[in-house]
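Residues per chain, in single letters:
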Amino acid sequence: VVLSFHTDGVPGMTQQTYGQIRAADEIIDEGHFIGKSIGEAMNGFRPIVELMNTNFGIYAMPEISSAGNTFLQTGGQYNMPL
């Protein structure tokens, strides 16, 4: 398996600082960004998501709604800092 990572610019510097697992290259899909960060938040991490263009943030609304529903339906069992 060959993994391709950026080695220049901000992605490369971020990966060198935090490692390729914490600062991973991802597909360009806002729903994926938000969904992955919600999963990480449910596991105790404090993810930071940068949407390059917030106009596309509307495509992540189902995931954001799901985060609120999950918090309420589990009685606050998952602490999800958003």
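Residues numbered from 1 in each chain as written. Predicted model: local features only at pLDDT ≥ 70, side-chain atom pairs only at ≥ 80, totals over all residues. Heavy atoms only, no water.

## As for the overall build of the chain
Here comes step 1: Per the secondary structure count, the chain includes three helices and zero strands.
Here comes step 2: Listing the helices and strands of the chain from first to last along the sequence gives α-α-α.
Here comes step 3: The proportion of buried residues among the 82 residues of the chain is 17%.
Here comes step 4: Pairs at least 24 residues apart make up 42% of the contacts formed inside the chain by residues separated by at least 6 positions. (Helix = DSSP H or I, 4+ residues; strand = E, 2+ residues; numbered from the N terminus. Buried < 20%, exposed > 50% of the residue type's maximum accessible area, 1.4 Å probe, protein only. Contact = heavy atoms within 4.5 Å.)

## Here's the deal with the nonpolar core
Here comes step 1: Within the largest apolar cluster, six residues are counted, these being Ile-34, Ile-38, Ala-41, Ala-60, Ala-67 and Met-80.
Here comes step 2: For this core, the leading source of residues is helix 2 (residues 30-42), giving three residues. (Core = buried A, V, L, I, M, F, W, Y, C linked by side-chain atoms within 4.5 Å.)

## Some details on the confidence of the model for the chain
Here comes step 1: The predicted model of the chain averages 76 in pLDDT, with 79% of residues at 70 or higher.
Here comes step 2: Mean pLDDT values for the elements of the chain range from 70 in helix 1 (residues 9-18) up to 86 in helix 2.
Here comes step 3: The low-confidence segment residues 1-6 (pLDDT under 50) makes eight contacts with residues lying over four places distant or belonging to another chain. (pLDDT = per-residue confidence, 0-100.)

## Some words on helix 3 (residues 61-73)
Here comes step 1: For helix 3, which comprises 13 residues, the first-to-last C-alpha distance of 18 Å matches the rise-based estimate of 18 Å (1.5 Å per residue) to within 8%.
Here comes step 2: One or two residues past the end of helix 3 sits Gly-75, with phi positive at roughly 65 degrees. (Expected span 1.5 Å × (residues − 1).)

## Quick word on the environment of Gly-35
Here comes step 1: Within the secondary structure, Gly-35 sits in helix 2.
Here comes step 2: Relative accessible area serves as the criterion here: at 29%, Gly-35 is assigned to the partly exposed category.
Here comes step 3: Placed 28 residues apart in sequence, Gly-35 and Glu-63 show a C-alpha to C-alpha distance of 5.6 Å.

## A word on the environment of Phe-45
Here comes step 1: Here Phe-45 shows up in the loop between helix 2 and helix 3.
Here comes step 2: For Phe-45 and Pro-81, which are 36 residues apart along the polypeptide, the C-alpha to C-alpha distance reads 8.7 Å.

## Section: helix 2
Here comes step 1: If you check helix 2, its first and last C-alpha atoms are 18 Å apart, about what 13 residues at 1.5 Å a residue would give, namely 18 Å.
Here comes step 2: If you check which residues of helix 2 are buried, you get Glu-30, Gly-31, Ile-34, Ser-37, Ile-38 and Ala-41. All buried residues of helix 2 lie within an arc of 140 degrees about the axis, which places them on one face of the element.
Here comes step 3: Of the surrounding elements, those touching the buried residues of helix 2 are helix 3.
Here comes step 4: Positive phi appears at Gly-44, one or two residues downstream of helix 2, with a value of about 95 degrees. (Arc of directions from axis to C-beta.)

## Quick notes on the side chain of Ser-37
Here comes step 1: By the element assignment, Ser-37 lies in helix 2.
Here comes step 2: Overall, Ser-37 belongs to the buried group, its relative accessible area being 8%.
Here comes step 3: Side-chain polar atoms of Ser-37 contact the backbone oxygen of Ile-34, separated by 2.7 Å.
Here comes step 4: When sequence neighbours within four positions are dropped, the list of residues in contact with Ser-37 reads Pro-47 and Val-49. (Polar contact = N/O pair within 3.5 Å; in protein donor to acceptor, adjacent residues only side chain to side chain.)

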